[in-house]
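# An overview of the molecular structure
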Amino acid sequence: MTTARRSHAQRQVEAEDRLTQALAELIAEQGYERTTAAEIGERAGYSRAAVRDRYGSKDELLVAMHERYESLLLGGPDLPAPTTILEFMDRIEAFARGYPEWLRALFVVSFESVGASSQFSPVVQEWVARLEQVATTMLVAEQTTGTVRADVDAAKVAGRLLDEAIGQAYRWTLSNGAGDYAGDVHVWARRVVNELAP
């Protein structure tokens, strides 16, 4: 029995998935700063130099993982951007269900970035600001269509939503992923939509 040979593109995607998964697992276990590129390569089943050969550094692999997360959350080549706050929150839930290790790893890196020496602090600050702006834009658009009350202060509510999301993420990360973060997001999203409805 012969097996079909995988194309170069298929092997590239598999390698990216395996390296990203290894990075996520190691970050969850020991944090980003303590994780080395060599450990990532070995955990993924490749050589110790795999991360350096493919990405140049573990930082660039983290950037690639973050870009994939962002495209799944905010839209990309294969997925349209969400247009409502509920759809946006449902994307968070779907990501939490489909990629819990990645999500937890991204939270760990975000919380580690608070340190003064972290090179990722500006990246995380920019990401949080962008999410807040996206949420504000969606809420304003929904006020125009009548699905969100006209008296809602879109920017203030977007900030509050982000604060709640970060708080839930912190508790879930602190508990080492115990509990049903995706389920909590689902319940929270429906409550928010009900509160904002005319």
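Reading the values: rules and limits
For every chain, the first residue of the written sequence is number 1, and numbering continues from 1 onward in sequence order. Local features are withheld for residues below a pLDDT of 70 in this predicted model, meaning they are given only at 70 or higher, and side-chain atom pairs are given and counted only at 80 or more; totals for whole chains, interfaces and linings count all residues. Note that the side-chain values use all heavy atoms of the structure and ignore hydrogens as well as water. By the criteria applied, helices consist of DSSP H or I runs no shorter than four residues and strands consist of E runs no shorter than two, each listed in order from the N terminus. Relative accessibility thresholds used throughout: buried, under 20% of the residue-type maximum; exposed, over 50%; partly exposed, between the two (1.4 Å probe, protein chains only). Here the open area of atoms and residues is found with the Shrake-Rupley method and a 1.4 Å probe, where only the protein chains shown may cover a residue. Residues scored as positive are Lys and Arg, those scored as negative are Asp and Glu, and His as well as the terminal groups of each chain are ignored. For the purpose of locating charges, the reference atoms are NZ of Lys, CZ of Arg, CG of Asp and CD of Glu. Here, axes are lines fitted to C-alpha atoms. For helices the fit covers the stretch in contact, and angles between N-to-C directions go from 0 to 180 degrees. An angle counts as roughly parallel when it lies under 35 degrees, as roughly antiparallel when it exceeds 145, as roughly perpendicular when it falls between 65 and 115, and as oblique in every other case. Two helices that cross are described as forming a left-handed crossing if the nearer one is turned anticlockwise from the farther one by less than a right angle, and a right-handed crossing if clockwise. Here, residues are in contact when the closest pair of their heavy atoms is within 4.5 Å. Note that Gly is not counted as nonpolar here; it falls among the polar residues with everything else outside the nonpolar set of Ala, Val, Leu, Ile, Met, Phe, Trp, Tyr, Cys and Pro and the charged set of Asp, Glu, Lys and Arg. Just to be clear on terms, a salt bridge is a Lys or Arg side-chain nitrogen sitting within 4 Å of an Asp or Glu carboxyl oxygen. As defined here, a cavity is a set of points on a 1 Å grid over the protein atoms alone where a 1.4 Å probe fits but cannot get out. A pocket is an open set with protein on both sides within 12 Å along at least five of seven lines, and residues line them when an atom is within 4 Å of a point. Grid points are joined across faces, edges and corners, and a volume is the space filled by probe spheres set on the points. What a helix should span is 1.5 Å times the count of its residues minus one.

## Let's talk about the overall build of the chain
Across its full length, the chain holds nine helices and zero strands. Sequence-ordered secondary structure for the chain, helices as α and strands as β, is α-α-α-α-α-α-α-α-α. The buried share among the 198 residues of the chain stands at 38%. In the form shown here, the chain has an accessible surface area of approximately 10900 Å², with 55% of it arising from carbon and sulfur atoms. Of the charged side chains in the chain, 21 are positive and 29 negative, and the gap between their average positions amounts to 5 Å.

## Comments concerning the packing of helix α7 (residues 121–145) against helix α8 (residues 154–174)
Running from N to C, α7 and α8 point in directions that differ by 130 degrees, and their axes come no closer than 8 Å. Classified by the interaxial angle, the pair formed by α7 and α8 is oblique. Crossing handedness for the pair α7 and α8: right-handed. Across from Val128, Leu131, Glu132, Ala135, Thr136, Leu139, Val140 and Gln143 in α7, the residues of α8 making contact are Ala154, Ala155, Val157, Ala158, Gly159 and Leu162. Residues of the contact of α7 with α8, tallied by class, amount to 10 nonpolar, three polar and one charged.

## Topic: the pattern of salt bridges
Any two side chains of opposite charge can pair if their charged atoms end up close together. By the definition in use, this model includes 18 salt bridges. Across the pair glutamate 14 and arginine 18 runs a salt bridge, and its minimum N-O distance is 3.2 Å. Here glutamate 14 pairs with arginine 18, and both are found in helix α1 (residues 8–30), just four residues apart, close to one helical turn. As a salt-bridge pair, glutamate 195 and arginine 191 come within 3.0 Å of each other at their nearest N and O atoms. With glutamate 195 and arginine 191 both in helix α9 (residues 181–196), this residue pair falls four residues apart, about one helical turn. Take glutamate 195: its relative accessible area is 36%, and that puts it in the partly exposed class. One connected set of salt bridges, linked through shared partners, spans Arg160, Glu164, Arg191 and Glu195.

## What about the packing of helix α5 (residues 85–98) against α9?
It is at 8 Å that the axes of α5 and α9 come closest, and there the two elements cross at 175 degrees. As far as their axial angle goes, α9 and α5 are roughly antiparallel. On α9, the residues that touch Ile85, Leu86, Met89, Asp90, Ile92, Glu93, Ala96 and Arg97 of α5 are Tyr181, Ala182, Gly183, Val185, His186, Trp188, Ala189, Arg190, Val192 and Val193. For the contact of α5 with α9, the class distribution of residues is 12 nonpolar, two polar and four charged.

## Re the layout of surface pockets
Its volume calculated, the largest pocket comes out at about 710 Å³. The wall of the largest pocket is formed by 36 residues, among which Phe107, Ser110, Trp127, Val128 and Leu131 lie closest to the centre. Elements with a contribution of two residues or more to the lining of the largest pocket: α4 (58–74), α5, α6 (100–112), α7, α8 and α9. Looking at the lining of the largest pocket, the element that brings in the most residues is α7, giving eight residues.

## As for α6
Between its terminal C-alpha atoms α6 stretches 18 Å, which fits the 18 Å expected from 13 residues at 1.5 Å a residue. Taken residue by residue, α6 has Trp102, Leu103, Arg104, Ala105, Leu106, Phe107, Val108 and Val109 as its buried positions. Against the buried residues of α6 lie α1, α4, α5, α8 and α9.

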